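What follows is the residue order along each chain.
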Amino acid sequence: MCGIIAYIGKKEAYPILIKGLQRLEYRGYDSAGVALMNGSLNIYKKKGKVQDLVDFALDKNLSGTSGMGHTRWATHGKPDDVNAHPHTSGNGRLMLVHNGIIENYASLKRALEKQGHVFHTQTDTEVLVHLIEEVQKRGDLPIEEAVREALTNVVGAYAIVVMDNQDPDKLVAARKGSPLVIGIGKDEFFFASDGTPIVEYTKKVVYLDDEQIATATRHGGYEIRTIDNEIHMPFVQELNMEIERIEKGGYDYFMLKEINEQPTTIQDAMRGRLNAQEGWVRLGGMDDHVERVKNAERFVILGCGTSWHAGLIAEYLFEDLARIPVEVEYASEFRYRHPVITERDVVIAISQSGETADTYAALELAKKNGAFLYGIVNVVGSSIARLAHAGSYIHAGPEIGVASTKAFTAQVTLLTLMALQIGRARGTISDEYFNKLLHELEAIPSKVQRMLDSNEKIKYIAGEIKDATNSLYLGRGYNFPVALEGALKLKEISYIHAEGYPAAEMKHGPIALIDENMPVVIIATNKSLNDKIISNIQEVKARRGMVLAIVTEGDQEISRIADYTIEIPETEEPFTPLLSVIPLQLLSYHIAVMRGCNVDQPRNLAKSVTVE
Ligand code: G6P
């Protein structure tokens, strides 16, 4: 979703802003803009890609040692040059970029119009900059004070950066509900939506908290105040990000790079947390909380998108291995349905970005009701990581491709460790089975590597499926969520309609769709349910559907009836998702490439959904 980068210092701002916007492209956007200050104020905005903005600005005045840039993902007002950010105040003095939604913008706009303000865009953001202008004018206030006062009238979510043409040595930023990080360099400051645009300049960062306003000055330092005007002592942290990890490293797309990183990222998620020889599993984040977690009345798992699918797999894991009842909820539904939550509940939030607005709000609600919150997050220092009482990072490194791949398998790995640790603490897993699972889990990264070695075969099958308009993904047990995830991957990046279903449910609806034009991907690796899956395949074949089956190595029976098969190495049933999802990721990747789609930045999608 919208991305922000701003700079003040001694260097030319434009190259820093453009490079920053390119780094933020992965978040998803439909227009981009920059504003530069160099005595005068120059703003350039363009619908489309950052490159369109660069081409447009080529022959313009690009000088200035302070400025701001923005990638916009449209909410209020269509994606076009006018609605793109930055936006300016009516007197042309202030400029502002914004990520989030100002919910009371309509009433603010009406009030401002009565005071003579004229608006040129359909955005909520333009209302905000006019509001700041009005407050500043009325009280003759310095910009940071005008921002603070104006924000006391705002309902909604925002991360903003504001500059004042008449106070050119200052950059002001504020946040509520949308992320913003301050980068502290030598004689220079950066504000950004995440660390990716600033990591090559500085690793010293401060994560702004909700209702905080930061002011950075060119020749001085910086200061953070709360919206109630109290000084806040900043907590400076080291940015945990390597520049190589946010570059493509020879791959055509980030998604392919990230798929191929999975043997390492799964290993990284386990590192120091599991020792099969010595027979233990331990998540550091669980220290001090094992009693609370193991005695939970139930687990409620919250997430969105792919993270919700990881949560569904966790439901099988926790119930199977730790015998704790689990409910998995879409965060967006949970928060609006007056859910029953008590102090005996442990709420587990799963989020790659740690910034998804619905997941964050659902967690706040659970916290208010006394639940214990455990976060499973990738981005270090993100909002959800900070809101949770405890948690574990999945250590997958930056995930740039919008379609989540390595974060998903790292989440599942982490949840597997958690289920094993809690199961052990509750005495619900026998010693023998526990040890067997530990040894097998250690072997998973090398088995994932073997899956990646099937790439050419998967590419060939992708060629056979690429022209389909609809497809069905079926799985049972642990592999039902994998079917959902496989279908999501395909529709996200190739725009082929795909549905995931529990295999047995096929008879209650989707079977009506099956004909020779309908590819059906069936994950058939569950030993316990194999006979039933074979019947499901027969049912598809009887209706001339094309079957791609994901089977366990050595399978004879399914290979005889399916049109195509892809084998996964033999493993324990709870770990099959970590292997069976890999060919589905590769399949959608190749299909999307063959269809000429932009794999890393699919249309309309955002990596980090910071609005509701
Ligand atoms: C977006 C992304 C998905 C992601 C979902 C949840 O839709 O495109 O890849 O699974 O948000 O994001 P989170 O960061 O909370 O895991």
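A short tour of the structure in this document, coming up. All values reported here derive from a predicted model rather than from experimental measurement.

### With respect to the overall build of the chain
For step 1, the next point in the chain: Assigned secondary structure in the chain consists of 19 helices and 27 strands.
For step 2, the next point in the chain: In summary, the chain has a C-alpha radius of gyration of 25 Å against a globular reference of 25 Å for 612 residues, a match within 12%.
For step 3, the next point in the chain: Along the three orthogonal principal directions, the C-alpha set of the chain runs to about 80 × 55 × 45 Å.
For step 4, the next point in the chain: Scored against the burial criterion, the 612 residues of the chain give a buried share of 61%.
For step 5, the next point in the chain: A fraction of 71% describes how many contacts in the chain between residues 6 or more apart in sequence connect residues 24 or more apart.
For step 6, the next point in the chain: Accessible surface, the chain: about 22700 Å² in total, of which carbon and sulfur atoms supply 48%.
For step 7, the next point in the chain: Across the chain, the 65 positively charged side chains and the 82 negatively charged ones have centroids separated by 1 Å.

### Let's talk about the pairing of strand β26 (residues 546-552)
For step 1, the next point in the chain: Of all seven residues in β26, seven are buried, a share of seventy percent or more.
For step 2, the next point in the chain: With burial as the criterion, each face of β26 is covered, one bearing M546, L548, I550 and T552 and the other bearing V547, A549 and V551.
For step 3, the next point in the chain: Across six bridges, strand β25 (residues 519-524) lies against β26 in parallel orientation. Its bridge partner lying in β26, I523 is registered against I550.
For step 4, the next point in the chain: The pairing of β26 with strand β27 (residues 564-568) spans five bridges and is parallel. Looking across to β27, one finds that V551 is bridged to E567.

The rules we used
- Residues numbered from 1 in each chain as written.
- Predicted model: local features only at pLDDT ≥ 70, side-chain atom pairs only at ≥ 80, totals over all residues.
- Heavy atoms only, no water.
- Helix = DSSP H or I, 4+ residues; strand = E, 2+ residues; numbered from the N terminus.
- Rg over C-alpha atoms; globule rule 2.2 N^0.38 Å.
- Buried < 20%, exposed > 50% of the residue type's maximum accessible area, 1.4 Å probe, protein only.
- Contact = heavy atoms within 4.5 Å.
- Areas by Shrake-Rupley, 256 points an atom, 1.4 Å probe, with all protein chains shown as cover.
- Lys, Arg positive; Asp, Glu negative; His and termini not counted.
- Charge placed at Lys NZ, Arg CZ, Asp CG, Glu CD.
- Pairing = 2+ DSSP bridges.

Keep in mind that these numbers describe shape and distance, not what the molecule does.
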